[in-house]
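# Topology and contacts: notes
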Amino acid sequence: MDRERLYRTEAIVLKRTDFGEADRLLTLYTPGLGKIRAIAKGVRRPTSRKGGHVEPFTHSQLLIAKGRNLDIVTQAETIHAFRPLREDLLRTTYAYYAVELLDRFVEEGVENRPLFDLLLATLTWLSEADDLALTARFYELRLLALVGYRPQLFQCVSCRRPIEPVDNFFSPAEGGVLCSRCGQGRPGAQRISLSALKVLRFLQTRSYSSCRRLRIGQKLHQELEATMQRYIVHILERNLKSVEFLETLRRELVNG
Ligand SMILES: [Zn+2]
């Protein structure tokens, strides 16, 4: 095989879909090339030696051949298998969430080394952590910052005043917290308790080793999850709409 057309990269498997008779199409996240896609040939055959190295959220060293349409994985070797993520159903669920969230936020071919490092660290933390929800919230806040959607949690996104220690509001559309005055009756804004806001700020600004020591009750966890989910869904839907809009426009230009 032509050497020029081969490249070596580390990668974390974000997604795999069946392709052809026995192949899989992999969506990979790499430190130097961002998100890429490549075919792993024959890996659905039970005799395949490559199969185990290209499972979801495996961290592997790959040798890839550039193809005319799709690149092809020619060699694969596992660096981290993250066994606990496969053996414990709850950890598996969180690991799928981590790779899927990243997949949705990044375009193909855009390098973001800190994001690769974050994903790799998060898979390690999810393999060990007691409080998986806390790890997930930490990951969400860091991922959002790295892709340009860091929520503003320290001053009101409307009047810019510092947030007072009372119940305030969170507005996904405005990208952060609203003071109790600006948030009252604001469409789309939802109340956020002082405890929830404090935890989100802590997660946004402290190291994981500090954050993992937090002890959070069930009710507060629910509020944190609901707040982050509403924000994330808002961003993703807005992006999807802009994609749809562009596609509609393109169709009209072509047909018109
Ligand atoms: Zn305000």
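Anyway, here's the lowdown on the structure attached to this text. Because the structure is predicted, anything quoted here is derived from the model rather than measured.

### Quick notes on the pairing of strand β2 (residues 23–30)
- With eight of eight residues buried, β2 is to be regarded as a mostly interior element.
- Taking the residues that link successive antiparallel strands as the turn, the strand β1 (residues 6–19)-β2 hairpin has three residues, and the phi of Gly 20 there is positive, at about 60°.
- The pairing of β2 with strand β3 (residues 34–40) spans seven bridges and is antiparallel. By the bridge assignment for β3, Leu 25 is matched with Ile 39.
- Counting the residues between successive antiparallel strands, the hairpin from β2 to β3 contains three residues.

### A look at the coordination of the zinc ion
- Summarising the metal site, the zinc ion is bound by the protein donors Cys 156 (SG), Cys 159 (SG), Cys 179 (SG) and Cys 182 (SG), whose distances to it range over 2.3 Å.
- One way to put it: the four donor atoms around the zinc ion meet at angles of 100 to 117°, and that makes the site tetrahedral.
- Donor residues binding the zinc ion come from one chain and are separated in sequence as C-x2-C-x19-C-x2-C.
- Judged by its relative accessible area of 0%, Cys 156 is buried.

### Thoughts on the pairing of strand β6 (residues 168–171)
- Neither face of β6 is left uncovered, since the one carrying Asn 168 and Phe 170 and the one carrying Phe 169 and Ser 171 both have all their residues buried.
- Examined bridge by bridge, β6 and strand β8 (residues 190–192) share three bridges and lie antiparallel to one another. Following the sheet pairing, Phe 169 is matched in β8 by Arg 191.
- Note: β6 against strand β7 (residues 176–178), three bridges, orientation antiparallel. Residue pairing for β7: Ser 171 is matched across the bridge by Gly 176.

### Side note on the packing of helix α2 (residues 89–105) against helix α4 (residues 132–146)
- The geometry of α2 relative to α4 is characterised by a closest axis approach of 11 Å and an angle of 10° between their N-to-C directions. Relative to α4, the element α2 is oriented roughly parallel. The segment α2 lies against α4, with Leu 90, Arg 91, Tyr 94, Tyr 97, Ala 98, Leu 101, Leu 102 and Phe 105 engaging Leu 132, Ala 133, Ala 136, Tyr 139, Glu 140, Leu 143 and Leu 144.
- Of the residues belonging to the contact of α2 with α4, the class tally is 13 nonpolar, no polar and two charged.

### Here's the deal with the packing of aromatic side chains
- Taken as a whole and judged by the stated rule, the model has seven aromatic pairs.
- Consider the rings of Tyr 29 and Phe 116, whose centres lie 6.5 Å apart with planes at 25°: the pair is stacked. In this pair, Tyr 29 is assigned in strand β2 and Phe 116 in helix α3 (residues 113–128), connecting sequence segments 87 residues apart. Neither residue differs from the other here; Tyr 29 and Phe 116 are each classed as buried.
- Plain terms: the ring middles of Phe 57 and Tyr 96 are 5.0 Å apart, the flat faces sit at 80° to each other, and that makes the pair edge-to-face.

### Some details on the side chain of Ser 193
- Looking at where Ser 193 falls in the secondary structure, it is placed in the loop between β8 and α6 (194–205).
- In this view, Ser 193 contacts Asp 167, Leu 220 and Glu 223; residues no more than four positions away in its chain are not counted.

### A closer look at the nonpolar core
- Residues Leu 102, Phe 105, Leu 119, Leu 123, Tyr 139 and Leu 143 are the most contacted members of the largest nonpolar core, which totals 58 residues.
- With nine residues, α4 is the single largest residue contributor to this core.
- Those residues within four positions of Leu 123 in sequence are excluded, and the remaining contacts are Ile 12, Phe 57, Phe 82, Leu 85 and Ala 95.
- Of all hydrophobic cores here, the second largest spans 14 residues; its members include Tyr 7, Val 43, Val 73 and Ala 76.

Rules and cut-offs
Residues numbered from 1 in each chain as written. Predicted model: local features only at pLDDT ≥ 70, side-chain atom pairs only at ≥ 80, totals over all residues. Heavy atoms only, no water. Buried < 20%, exposed > 50% of the residue type's maximum accessible area, 1.4 Å probe, protein only. Helix = DSSP H or I, 4+ residues; strand = E, 2+ residues; numbered from the N terminus. Pairing = 2+ DSSP bridges. Donors = N, O, S within 2.8 Å, 3.2 Å for Na, K, Ca; no water. Tetrahedral: all angles 85-135°; square planar, octahedral: opposite > 155°, others 65-115°. Axes fitted to C-alpha atoms, helices over the stretch in contact; angles between N-to-C directions. Parallel < 35°, antiparallel > 145°, perpendicular 65-115°, else oblique. Contact = heavy atoms within 4.5 Å. Nonpolar A, V, L, I, M, F, W, Y, C, P; charged D, E, K, R; others polar. Phe/Tyr/Trp six-rings, centres within 6.5 Å; stacked < 30°, edge-to-face > 60°. Core = buried A, V, L, I, M, F, W, Y, C linked by side-chain atoms within 4.5 Å.

So far we have only geometry, and geometry alone does not tell us how the molecule works.
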